[in-house]
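This is what each chain is made of:
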Amino acid sequence: ISGGASEGFSAISIQERQAYFDALILAETPIAKPGEKIIYSDIGFSLLMIHAERISGMPFDELIRSEVWNGLPECGLHFRQLHRNQRVSSGIAASEWCAWRGLLQGDVHDDNAWSRGGVAGHAGAFGSLDDVIRWMNALVNGKLVSFNTLREFSMPFIDSSGARRGLGFDFSSHPVHSSATIGHLGFTGTSIWMDLDRGRFAILLTNRVHPSREDTRIRELRQAFHQTVG
């Protein structure tokens, strides 16, 4: 995508971008039957966002703030909508140098979330390490969702190829880790991992896409970090 395409996209109103993005998601058709195959994709969580907005009658960022983040004292997790022209704080680290968006600082790195205007069901949240710690503490202690709900999301599904995932969570391939050890790996170098049996968690926030995503050393670093602290 060229810089000119970026400028043209930015000229479209946020409402038009959101409507177009959501229409594309709703037009998708499954390529496998439910429960048949694991496909790593953002589409499912984008679809959940659309339905959550329709059921609640609220924009997704307002819904999450009301139902999740407001229940966490002093938690600064938030979305940054592009049309609000928020000033970039010096506390927000720059991420990748993008060929068609320039230096990304204060804008969501994920292209699809940016295309929708900065708020999406699969990406777009900003926060500090302290904010993520507060969120994780609430999650493993049953303050965000019930333990039964969290266990449901951590149930492993294994398809015919041997791939194993939960609902939004990945599982460790390390033999000493139980099926109750789950987490998520972010493309930009972030990751969380939690042991539900012991109520422990580990957080790694790095910036491996700065200034370019070409450095792949995060794979070894992340594995070593989580195995060491786990």
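Residues numbered from 1 in each chain as written. Predicted model: local features only at pLDDT ≥ 70, side-chain atom pairs only at ≥ 80, totals over all residues. Heavy atoms only, no water.

Trainee: Help me understand the packing of aromatic side chains, please; the structure alone is not making it clear to me.
Mentor: When we look at a pair of aromatic rings, we describe it by the centre distance and by the angle of the planes. Under the defined criterion, the tally for this structure stands at three aromatic pairs. Here Trp 69 and Phe 79 contribute two aromatic rings whose centre-to-centre distance is 5.4 Å and whose plane-to-plane angle is 45 degrees, an arrangement assigned as tilted. One end of the pair, Trp 69, is in the loop between α4 (60-67) and β1 (78-79); the other, Phe 79, is in strand β1, and ten residues separate them in sequence. Judged by relative accessible area, which is 10%, Trp 69 ranks as buried. Given a relative accessible area of 11%, Phe 79 falls into the buried group. (Phe/Tyr/Trp six-rings, centres within 6.5 Å; stacked < 30°, edge-to-face > 60°. Helix = DSSP H or I, 4+ residues; strand = E, 2+ residues; numbered from the N terminus. Buried < 20%, exposed > 50% of the residue type's maximum accessible area, 1.4 Å probe, protein only.)

Trainee: Help me understand the side chain of Asp 159, please; the structure alone is not making it clear to me.
Mentor: Topologically, Asp 159 is positioned in the loop between β5 (157-158) and β6 (164-165). Buried within the structure, Asp 159 lacks any salt-bridge partner; Lys 37 is the closest side chain of opposite charge, at an N-O distance of 6.9 Å. Polar contacts involving the side chain of Asp 159 include one to the main-chain amide nitrogen of Ile 38, which spans 3.0 Å. When sequence neighbours within four positions are dropped, the list of residues in contact with Asp 159 reads Glu 36, Lys 37 and Ile 38. (Lys, Arg positive; Asp, Glu negative; His and termini not counted. Salt bridge = Lys/Arg side-chain N within 4 Å of Asp/Glu carboxyl O. Polar contact = N/O pair within 3.5 Å; in protein donor to acceptor, adjacent residues only side chain to side chain. Contact = heavy atoms within 4.5 Å.)

Trainee: Can you help me understand the nonpolar core in this one?
Mentor: The nonpolar side chains of a soluble globular protein tend to be buried with one another. Grouped together as the largest cluster of nonpolar side chains are 25 residues, with contacts concentrated most on Phe 60, Trp 69 and Phe 79. Those elements giving two or more residues to this core turn out to be α2 (14-26), α3 (43-56), α4 and α5 (111-116). In terms of residue count, the dominant contributor to this core is α2 (three residues). Not counting chain neighbours up to four residues away, the residues in contact with Phe 79 comprise Phe 60, Asp 61, Ile 64, Trp 69, Gly 118, Val 119, Ala 120, Ala 123, Gly 124 and Ala 125. Met 136, Leu 150, Phe 169 and Ala 180 belong to the second largest nonpolar core, which has 13 residues in total. (Core = buried A, V, L, I, M, F, W, Y, C linked by side-chain atoms within 4.5 Å.)

Trainee: Looking at this model, I keep getting lost on the pairing of strand β9 (residues 190-195). Mind explaining?
Mentor: It is a general feature of regular strands that their side chains alternate between the two faces of the sheet. For β9, a buried count of five out of six residues is recorded, marking the element as mostly surrounded by other parts of the structure. The sheet contact formed by strand β8 (residues 181-185) and β9 spans five bridges and is antiparallel. Across the sheet, the residue bridging to His 184 is Ile 192, located in β9. In textbook terms, the turn of a hairpin is the stretch between consecutive antiparallel strands, and for β8 and β9 this stretch comprises four residues, one of which, Gly 189, has a positive phi near 115 degrees. Here β9 pairs with strand β10 (residues 200-205) via six bridges, running antiparallel. Along β10, the bridge assignment pairs Asp 195 with Arg 200. From the end of β9 to the start of β10, which pair antiparallel, there are four residues, and Gly 199 there has a positive phi angle of about 65 degrees. (Pairing = 2+ DSSP bridges.)

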